[in-house]
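Coordinate analysis (summary)
Chain by chain, the residues run as shown.
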Amino acid sequence: MEPVRFVSDRAMDNLRYIRETMERATPFTGISGRGEMTIGATALIATVIAARQPSFKMWVYTWLAEGLFSTLIAGWSMDRKARATHTPLFSGSGRKALFSLAPSIIAGGLLTLVLTRAGQTTTIPGMWLLLYGTGVITGGMFSVRAVPAMGLCFMALGALALFSPAAWTNWFMAVGFGGLHLLFGAIIVRKYGG
Amino acid sequence: MAKQSTAKQERKQDQSVETRAVSTKQKSAAPNLDRLIHERLRLGIISALAANESLTFSDLKSLMNTTDGNLSVHARKLEEAGYISCSKYFEGRLPKTEYKLTAAGRSALENYLSHMESLIKQMRNM
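Residues numbered from 1 in each chain as written. Chains lettered and ligands numbered in written order. Predicted model: local features only at pLDDT ≥ 70, side-chain atom pairs only at ≥ 80, totals over all residues.

**Brief notes about the overall build of chain B**
In terms of helices and strands, chain B carries six helices and three strands. Along chain B, from the amino end to the carboxyl end, the secondary structure elements read α-α-α-β-α-α-β-β-α. Counting the 126 residues in chain B, one finds 21% classified as buried. (Helix = DSSP H or I, 4+ residues; strand = E, 2+ residues; numbered from the N terminus. Buried ≥ 20, exposed ≤ 12 C-beta atoms within 10 Å, placed from the backbone.)

Below you can see the structure in the form of structure tokens.
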């Protein structure tokens, strides 16, 4: 039955090729602009709450909670967008984006532990912004231009934060996780819908 | 040894009968296969244009990861068949070539898609 399988495989391969080409050619992002804007708004609230914390440990916990909350918002909003556009949430590009972002998030988590133990807490916000930016850039390589552009802005801000006084930390966090998400979320909504 | 060679011959005969049966079915499944878009690069061009209102020559070149010469040859074939339309204009001082999928091109892609689907269905039912 080899020839049967061959013909069937060729036809399936052709259909897959058409779908992948259309996916690559479409100016579509599975990332929800509204979701990004919501994350930006919650990050601004988190900045205010974190700035009022008495210790650095509590400051980190506030941002970790915000990180978890943002992940839930991102997942929920992407799922909603996928349902609205009748596209699978974990289609080729969505899956690639997730796998590209995950390593830098894991690296960021590990480095936070190491730097906290070493007492070099002032470098943590810059490192977060920098690593989040690299993850967004690599993940965004399979998405619309606004996504890697946002990653680049995060990287630039992170690099600046690493060489700036510790007193500016909350401003960098507000501008980065708050401002950049709001700005690029709005761009995604306006240019790519949803 | 004699038994083995007889068994081999029988198996070969079986296979050739099977292959003939398959090729007959293939022929019945692929009488109207559009050879023009069956070629990989041309199929890619049509698919990319189906997902966009229009694409420039350089957009298509980077999407298809091909050379200027190769792309222009295949794009011309599609244009001659009336599957895509081509317009040239200047953006500042730079000349641009823009391609669009025509109604004939879209229906050719739809026919090709349903053709592939029916081929898969037929092979599954065998």
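**Description of the overall build of chain A**
If you tally the helices and strands in chain A, you get seven helices and zero strands. Going residue by residue from the N terminus, the α and β elements of chain A occur as α-α-α-α-α-α-α. Looking at chain A as a whole, 37% of its 194 residues qualify as buried. Put simply, of all contacts in chain A between residues at least 6 apart along the chain, 73% involve residues at least 24 apart. (Contact = placed C-beta atoms within 7 Å.)

**Structural notes on the sheet that holds strand β2 (residues 84-91) of chain B**
Residue and element names in this part refer to chain B. Read across the sheet, three strands follow the order β1-β3-β2 without closing on themselves; strand pairing throughout is antiparallel. The open sheet has two edge strands, β1 (55-56) and β2, and neither has a second partner. Taken together, the eight bridges between β2 and strand β3 (residues 94-101) define a ladder with antiparallel strand orientation. Counted as the bridge partner of F90 is P95 from β3. (Pairing = 2+ DSSP bridges.)

**Considerations on the nonpolar core**
In this structure, L129, Y132, V136, M150, F154, L157 and F172 of chain A are the most contacted members of the largest nonpolar core, which totals 31 residues. Contributions of two or more residues to this core are made by α2 (33-51), α3 (56-84), α5 (124-140), α6 (146-162) and α7 (169-192) of chain A. Per-element accounting of this core gives the leading share, eight residues, to α5 of chain A. If sequence neighbours within four positions are ignored, M150 of chain A has contacts with V136, L180 and F184 of chain A. Ranked by size, the runner-up nonpolar core spans 26 residues in total, among them V7 of chain A together with A48, A75 and L78 of chain B. (Core = buried A, V, L, I, M, F, W, Y, C linked by C-beta atoms within 7 Å.)

**Remarks on the pairing of β3 of chain B**
Residues and elements named next belong to chain B. Here β1 pairs with β3 via two bridges, running antiparallel. Bridging from a neighbouring strand, T56 pairs with E98 of β3. If you look at the hairpin formed by β2 and β3, you'll find two residues sitting between the two strands, and G92 has a positive phi there, around 70°.

**Comments concerning unusual backbone geometry**
When glycine is set aside, most residues are seen to have a negative phi, and most peptide bonds are trans. Residues and elements named next belong to chain B. Of note, N65 is a non-glycine position whose phi angle comes to about 55°, a positive value. Relative to the elements of secondary structure, N65 occurs in the loop between α4 (57-64) and α5 (68-80). N65 gets classed as exposed once you count the C-beta atoms within 10 Å, which come to 8.

**A look at the packing of helix α3 (residues 40-50) of chain B against helix α6 (residues 103-124) of chain B**
All names here are of chain B. As a packed pair, α3 and α6 sit with axes 10 Å apart at the nearest point and diverge in direction by 110°. The pairing of α3 with α6 is recorded here as roughly perpendicular in orientation. Between α3 and α6 the crossing geometry is left-handed. On α6, the residues that touch I46, S47 and A50 of α3 are G105, R106 and L109. Tallied by class, the residues present in the contact of α3 with α6 amount to three nonpolar, two polar and one charged. (Axes fitted to C-alpha atoms, helices over the stretch in contact; angles between N-to-C directions. Parallel < 35°, antiparallel > 145°, perpendicular 65-115°, else oblique. Left-handed = near helix turned anticlockwise from the far one by under 90°. Nonpolar A, V, L, I, M, F, W, Y, C, P; charged D, E, K, R; others polar.)

**A look at the confidence of the model for chain B**
Residue and element names in this part refer to chain B. Per-residue confidence for chain B gives a mean pLDDT of 79, with 74% of residues at or over 70. Between residues 1-29, whose pLDDT stays under 50, and residues either more than four places distant or in other chains, the model counts nine contacts. Among the scores for the predicted complex, ipTM is 0.72 and pTM is 0.58. (pLDDT = per-residue confidence, 0-100.)

**Some remarks on the packing of α5 of chain A against α6 of chain A**
Residues and elements named next belong to chain A. The N-to-C vectors of α5 and α6 enclose an angle of 160°; their axes lie 7 Å apart at closest approach. By the angle between their axes, α5 is roughly antiparallel relative to α6. Between α5 and α6 lies a crossing of left-handed hand. In this structure, α5 contributes P125, G126, L129, L130, Y132, G133, T134, V136, I137 and G140 to the contact, and α6 contributes V147, P148, M150, G151, L152, F154, M155, L157, G158, A159, A161 and L162.

**Topic: the environment of G139 of chain A**
Positionally, G139 of chain A belongs in helix α5. Residues G139 of chain A and L101 of chain A lie 38 residues apart in sequence; the distance between their C-alpha atoms is 5.5 Å.

**What about the environment of I39 of chain A?**
Residue and element names in this part refer to chain A. Relative to the assigned elements, I39 resides in helix α2. On the basis of neighbour count, I39 is assigned to the buried category, with 26 C-beta atoms found within 10 Å. Excluding residues that lie within four positions of it along the chain, I39 makes contacts with S70, I73, A74 and H181.

**Comments concerning α6 of chain B**
Residue and element names in this part refer to chain B. In a regular helix each residue adds 1.5 Å, so 22 residues correspond to 32 Å; α6 covers 32 Å between its end C-alpha atoms and thus fits that length. Within α6 the residues assigned to the buried category are G105, A108, L109, Y112, M116, L119 and M123. All buried residues of α6 lie within an arc of 100° about the axis, which places them on one face of the element. Residues of α6 that are exposed and angled more than 90 degrees away from the buried face: A103, S107, E110, S114, K121 and R124. (Expected span 1.5 Å × (residues − 1). Arc of directions from axis to C-beta.)

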